[in-house]
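Letter by letter, the chains look like this.
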Amino acid sequence: MVKKFADIAKGKCKFGRRNMRNAMVMEMRRQEQLKRGTKVSGKGKQVTVAAQEVPITQRAGHPLVKTNAKPAEWKTIPGKAITVDLARVPWLPDDWGQGVKMTNPISRSRPGQGGTYTVWVAPCGRVFYHRYAMEEFLGRTLSVKDGFNGQRRLAQLQGKRTDEKKFFEILTPAERKRLPKADELHFCIVSARRTETAEGLQGIAQVQALFQSAAVEPTWYVDEPSLDEYKKLGLKAVVGGKLCPARNKCLVDAARLGKACVEVSDDISRWEYYDGAQAKDGSDDAVNAAHAAATCHIITPVAAARFLLAKLRAAQALAPDKSKAPHLAGVYPLGSCSRAFGGPVIQNQHFILGDFFVVDVGSKLRFDEEMTLKEDYDFTAQHIFTHGSVIRCTRMTIAAKHQTNAGGACAIRDKKGLEEQRNIAILKRKWPRAIRNHTKRKNEVMMQWPADGDVLGTARAAAAAEKEASKKVGGGLVKKDGKLKAKLKPLKAKVSKVPAEFKPTARVAKGGSACKLPYINARVAAASGKTVQYLLEEFFYKDGKGAQKKYGPADLRYDIKRGTLRLR
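Counting starts from 1 at the beginning of each chain's written sequence and moves along it residue by residue. Totals for whole chains, interfaces and linings use every residue, but because this is a predicted model, local features are given only for residues with pLDDT of at least 70 and side-chain atom pairs only at 80 or more, for both listing and counting. Processing note: side-chain calculations cover all non-hydrogen atoms of the structure and skip hydrogens and water entirely.

A. Inspection of the overall build of the chain at higher detail. By definition, any uninterrupted DSSP run of H or I lasting at least four residues is a helix, any uninterrupted run of E lasting at least two residues is a strand, and each is numbered from the N terminus. A tally of regular secondary structure across the chain gives 18 helices and 23 strands. Categorising residues by exposure relies on relative accessible area from a 1.4 Å probe, with only protein chains included: less than 20% of the type maximum marks a residue as buried, more than 50% marks it as exposed, and the intermediate range marks it as partly exposed. The buried share of the chain, reckoned over its 568 residues, is 47%. If you take every contact in the chain between residues at least 6 apart in sequence, the share linking residues at least 24 apart comes to 69%. Summed over its atoms, the accessible surface of the chain is roughly 29,500 Å², and 52% of this surface lies on carbon and sulfur atoms. Should any heavy atoms of two residues lie within 4.5 Å, those residues are counted as being in contact. Only the protein chains shown count as cover for residues, and all accessible areas are computed by the Shrake-Rupley method using a 1.4 Å probe.

Structure (structure tokens):
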């Protein structure tokens, strides 16, 4: 059964508009050759019919404004019909259209051969075959700024997204209860100098279109010299300044409005969420199979932000002290999350990528303005250190250009990597036990939060100093009042079963993650509120087979790592 255009627009078809455009052109060629008595092959029937069913007003080549020449009646001077194209060049003005026409046969034409021309139609109906001829006709040079609105519309037409209601069903009942409305979030796009290149303008058009498809008008925080250029594009733009000051201005403005803050990079083209079961093990075959079997949801940045904020607020509701609950949420830092299927959906002490994240109301943390690069590592560390955890959704990904796009933070990087090294030094100074050099990538770092939580290394330093002092005193003597005296034999005490990495008096509470195993959930519920010492010395639970087991250090480490329990 052939899919109708309504299904295509809602993203229910397995083929995209680029494939449909090729099918449309091949079908035009096939029909023309039939007239000449020659049979040639075309695309599949389903995609061909789908391409033909797209209304001309929903095609990218259709003018954005009303013109004297009706697109349905476009023709060349000799009377050759022109079909409204599904594509659009980035420099085409709003009142111009783009079409496709068949070439005419000539004396050298052979059976089965014959191509198509991409043509451009002026508001008056005149047809042009070359850009230079159009520029002569207009008396000026065309640029991508002329075609910005067309590219924005093209991005909207190409978007194939999952129904939001279906997507939000992935959340738990407790999370859906706290799902915010779009107007509860302040959407900020941090950008600088992107209007100077065609690639940058296309990226801007794409991001803006994704927000507008969700009926949201984001605020662009840009550098002062480029402010007018952004405003000329019809964007809601304000001066943000350099990278970290702009990021902080977003946070301050959101706090003033009493809204959660969503910060977005200006070069993201896609948001995806993969819903599926965790892999049976961590092997490449297992995680790739789990990823391939998962359902991929194409979503808007607005839906993604609401989803993350719902998870944040559900985690906060479980915490006795909201200030010690996560206030920062983000996405998986790689374009593909296949490897993440070897672990849990939510990670609580991992790096949050600066390209897209949500900060809830109540957090007073700000970006370090001494930094010009890698500021998101420092911001993540601040949140884990202050609030105890973050939420990284390992099934949600974005497609961003990062270091290849011109302008923005890329303009700060130098070929020798000196600015990178300066920022890495700041990170290592502030978070000595969490930041280390990347093992494979030059001028990159890795963040791994220490299991004992001593990210500054103060506890380690104190223990080392005490050990060093004890080495200097020997022979059963201790130093007291400046003199060596006999060491008193201590009374025998009960040996604690609590490892040095845990504080015996610390209590545990439920974390932000849940387990699919009923006995683990029962164990977590029974352990919540108990001290570490009680758990490791007196606590018992029943395993999956009903056998009674002693709760040990390995169980505690597992529960904390999986996020089902947390220390407070």
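B. Seen up close, the environment of Glu370. Along the chain, Glu370 falls in the loop between β13 (356-359) and α13 (375-387). Along the primary structure Glu370 and Cys244 are separated by 126 residues, whereas in three dimensions their C-alpha atoms are 8.3 Å apart.

C. Up close: the pattern of salt bridges. We define a salt bridge as a side-chain nitrogen of Lys or Arg found within 4 Å of a carboxyl oxygen belonging to Asp or Glu. Here the structure, examined in full by the defined rule, presents 26 salt bridges. In this structure, the salt-bridge partner of Glu135 is Arg131, at a minimum N-O distance of 3.4 Å. One end of the pair is Glu135 and the other is Arg131, both in helix α4 (residues 131-138) and 4 residues apart, which spans about a single turn. Of the residues examined, Glu135 reaches a relative accessible area of 19% and is grouped as buried. Among the charged side chains, a network of salt bridges with common partners joins Lys145, Glu229 and Lys232.

D. Main features of helix α8 (residues 198-212). Its 15 residues place the ends of α8 21 Å apart at the C-alpha level, agreeing with the 21 Å of an ideal helix rising 1.5 Å per residue. Among the residues making up α8, those that are buried are Gly200, Leu201, Gly203, Ile204, Ala205, Val207, Gln208, Ala209, Leu210 and Phe211. By this rule the span expected of a helix is its residue count minus one, scaled by 1.5 Å.

E. Main features of the sheet that holds strand β15 (residues 396-400). Two strands qualify as a pair provided DSSP detects at least 2 bridges between them. With respect to topology, 3 strands assemble into an open sheet ordered β10-β9-β15, the strand pairing being antiparallel. Single-partner strands in this sheet number two, and they are β10 (295-299) and β15. Averaged over all neighbouring strand pairs, the angle between strand axes comes to 30°, with direction disregarded. The convention used is that axes are lines fitted to C-alpha atoms, helices contributing only their stretch in contact, and that angles between N-to-C directions extend from 0 to 180 degrees.

F. Here's a closer look at the environment of Glu217. Relative to the assigned elements, Glu217 resides in the loop between α8 and β6 (219-222). You can call Glu217 partly exposed: its relative accessible area is 39%. Pairs of N or O atoms are called polar contacts if they sit within 3.5 Å, as long as, within protein, a hydrogen donor faces a hydrogen acceptor (for residues adjacent in sequence, only side-chain-to-side-chain pairs). Side chain to side chain, Glu217 and Gln208 meet in a polar contact 3.1 Å long.

G. Region of the structure containing the packing of aromatic side chains. Any Phe, Tyr or Trp ring, taking Trp's six-membered ring, that has another such ring centre within 6.5 Å forms a pair; planes under 30 degrees apart are called stacked, those over 60 apart edge-to-face, and the others tilted. Summed over the entire model, instances satisfying the criterion amount to 20 aromatic pairs. Judged by centre distance (5.1 Å) and plane angle (50°), the rings of Phe128 and Phe137 are tilted. Looking at Phe128, the relative accessible area reads 4%, which means it is buried. Judged by its relative accessible area of 37%, Phe137 falls in the partly exposed class. A connected cluster of aromatic rings, assembled from ring pairs, spans Phe167, Phe168, Tyr273 and Phe307.

H. Main features of the sheet that holds strand β3 (residues 116-121). Taken in spatial order, the 4 strands line up as β1-β2-β3-β4 in an open sheet, and their pairing is antiparallel. Edge strands, defined here as strands with exactly one partner in the open sheet, are β1 (83-84) and β4 (127-128). When β1 meets strand β2 (residues 97-102), the two strands line up antiparallel, connected through 2 bridges. Bridging across to β2, Val84 finds its partner in Gly99.

I. Structural view of the nonpolar core. Residues Trp220, Trp271, Phe356 and Met396 are the most contacted members of the largest nonpolar core, which totals 82 residues. Counting residues in hydrophobic clusters, the runner-up holds 16 residues, among them Val508, Cys515, Ile520 and Leu535. Take the buried Ala, Val, Leu, Ile, Met, Phe, Trp, Tyr and Cys residues and link them wherever side-chain atoms come within 4.5 Å; each set so joined is a nonpolar core.

J. Broad picture of the side chain of Gln208. With respect to the helices, strands and loops of the structure, Gln208 is situated in helix α8. Here Gln208 falls in the buried class, since its relative accessible area comes to 0%. Once you skip the residues sitting within four places of it in the chain, Gln208 turns out to touch Arg152, Glu217, Pro218, Trp220 and Leu235.

K. Fine view of the confidence of the model for the chain. Scored between 0 and 100, pLDDT is the confidence that the predictor attaches to each residue. Put simply, the chain has an average pLDDT of 83, and 80% of its residues get 70 or more. Counting interchain partners and residues more than four positions distant, the pLDDT-below-50 stretch residues 1-16 has 32 contacts.

L. Region of the structure containing the packing of helix α16 (residues 518-527) against helix α18 (residues 553-562). Viewed as axis vectors pointing N to C, α16 and α18 meet at an angle of 100°, and their least axial separation amounts to 12 Å. Compared by their axis directions, α16 and α18 come out roughly perpendicular. Together, Ile520, Arg523 and Val524 of α16 and Asp555, Tyr558 and Asp559 of α18 make up the contact between the two elements. In this classification, the charged set is Asp, Glu, Lys and Arg, the nonpolar set is Ala, Val, Leu, Ile, Met, Phe, Trp, Tyr, Cys and Pro, and all remaining amino acids, among them Gly, are polar. Here the contact of α16 with α18 is built from residues that sort into 3 nonpolar, no polar and 3 charged. Orientation categories follow fixed angle ranges, with anything under 35 degrees roughly parallel, anything over 145 roughly antiparallel, 65 to 115 roughly perpendicular, and all other angles oblique.

M. Up close: the state of the cysteines. Pairs of cysteine sulfur atoms within 2.5 Å are identified as disulfides in what follows. Using the criterion set out here, one finds 0 disulfides in the structure. Cys188 provides the cysteine sulfur closest to Cys250, a residue in no disulfide bond, and the two sulfurs are 3.8 Å apart. The buried category is assigned to Cys250, whose relative accessible area is 0%.

N. Main features of the side chain of Gln316. Of note, Gln316 is situated in helix α12 (residues 301-318). In contact with Gln316, other than residues within four places in its own chain, are Lys322, Ala325, Pro326, His327 and Asp360.

O. Fine view of the pairing of strand β9 (residues 268-275). Where β9 and β15 come together, 5 bridges link them in antiparallel fashion. Note that in β15 the partner of Glu272 across the bridge is Thr397. Where β9 and β10 come together, 5 bridges link them in antiparallel fashion. The residue bridging Tyr274 from the neighbouring strand is Cys296, located in β10.

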